[in-house]
Every structure is written in structure tokens, then in C-alpha cells.
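# Examination of the molecular architecture
What follows is each chain in one-letter form.
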Amino acid sequence: MANSNKQSPQQGAGESTGPGLSESISPGEPGGDLLLRTLAMPADTNTNGDIFGGWIMSQMDIAGGILAQQIAAGPVVTVAVDSMKFIRPVQVGDVVCCYGAVKQQGNTSVALHLEVWVRPRLSREKGSRPHFRVTEAVFTYVAIDECGAKRPIPRD
């Protein structure tokens, strides 16, 4: 990932990454629905051999875009990403899972709380969990029409 700050086995999956993001989420399990699952590949690594943080962020945006388009019943654009912090690195061969849930919905926008969890290809530490959280953030999307202008999100 973008930083080389490797953390001890005691840090990571259960720790809060910032105010407002983790309070309502069980520390040992992903929050929201599974939106996307993919495999970390060698082409996605930085010079340290970890997966690029930007690649992880792009997977989150793809996953969030899928959910936002369903909610908006049409095209959306990403307008903001808040409070992203990388907790643990991702390695080649790890299964990367993006989870998400609606945090707030407005007339033309929707804010989604997105989390990335990893199922490691190989156990890293003795007694380690079968999966762990890598990052989380709030992504905000705006519904757009065919001309690219903001449009209302239909209410159910």
C-alpha cells in the first residue's frame, strides 16, 4: 500500500480508524453488504511489494459506484472521499472484499460507508484472524442526468 507503516498483529482489524466511522460496526466483522470481491495481483504492487493504496481506493470507488447507481436508479459521479486511513497492507494473492452501507442520503447525493476486508492467501501470523479490515472511508456520490447535471434521487 501507499505507506510502509506495518502494524503489529495486535493492531488492525478491531481498531477504530477515526471519529464517526467505526462506532456502529462490530470490530470483528465487516459492516454492510458485500459489494465487490477481487484478487490482488502482482501488477498492483508498489516497490515494497505491497498492493498500492490507490488500487485499493479504486476498488472501493467501483464497489461504492455499484451501490450508489442502484440507489440513484441511474448514473452517479464520485464527489468526495472522507476519512480514509490504511490500517494494514495487502499482499499479492489476497482476496480483497469491499463492503458498504448507506450512511446518509440527500435529494441528489448519497454518502456510503465503505470498508475493505482481506482474506489472506496465507496466514501471516500464528493465531491470526481469517480476515481483517484494511481500510474504510465515506464516499459521496451525486446522481446525474444524461447531460451531467445533478438530478434528484428517486425515493422508494
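Everything below is about the structure shown above.
The notes below deal with the structure included here. These figures come from a predicted structure and were not determined experimentally.

A separate point is the pattern of salt bridges. Between side chains of opposite charge, a pair can form when the charged atoms approach closely. Taken as a whole and assessed by the stated rule, the structure comprises one salt bridge. Note that Glu-136 is salt-bridged to Arg-133, the shortest N-O span being 3.9 Å. Glu-136 sits in the buried class, given a relative accessible area of 0%.

The strand order 1-3-4-5-2 describes an open sheet built from five strands, whose pairing is antiparallel. Strands at the two margins of the open sheet, each flanked by one partner only, are strand 1 (33-39) and strand 2 (76-86). Between one strand and the next, the sheet's axes are offset by a mean angle of 25°, whatever the strand orientation. In terms of strand pairing, strand 3 (residues 95-105) meets strand 4 (residues 109-119) through 10 bridges, oriented antiparallel. Counted as the bridge partner of Tyr-99 is Glu-115 from strand 4. Relative to strand 5 (residues 132-143), helix 1 (residues 53-72) is tilted by about 45°, and along the sheet it contacts strand 1, strand 2, strand 3, strand 4 and strand 5.

For the rest of this paragraph, the subject is the packing of aromatic side chains. A full pass over the atoms with the stated rule returns one aromatic pair. A centroid spacing of 6.4 Å and a plane angle of 15° characterise the contact between Phe-139 and Tyr-141, whose relative ring orientation is stacked. The buried category is assigned to Tyr-141, whose relative accessible area is 1%. Here Arg-88 stacks its cationic end above the ring of Phe-132, 4.0 Å away from the centre of that ring.

Cut-offs used in this document
- Residues numbered from 1 in each chain as written.
- Predicted model: local features only at pLDDT ≥ 70, side-chain atom pairs only at ≥ 80, totals over all residues.
- Heavy atoms only, no water.
- Salt bridge = Lys/Arg side-chain N within 4 Å of Asp/Glu carboxyl O.
- Buried < 20%, exposed > 50% of the residue type's maximum accessible area, 1.4 Å probe, protein only.
- Pairing = 2+ DSSP bridges.
- Helix = DSSP H or I, 4+ residues; strand = E, 2+ residues; numbered from the N terminus.
- Axes fitted to C-alpha atoms, helices over the stretch in contact; angles between N-to-C directions.
- Contact = heavy atoms within 4.5 Å.
- Phe/Tyr/Trp six-rings, centres within 6.5 Å; stacked < 30°, edge-to-face > 60°.
- Lys NZ or Arg CZ within 6 Å of the ring centre and 35° of its normal.

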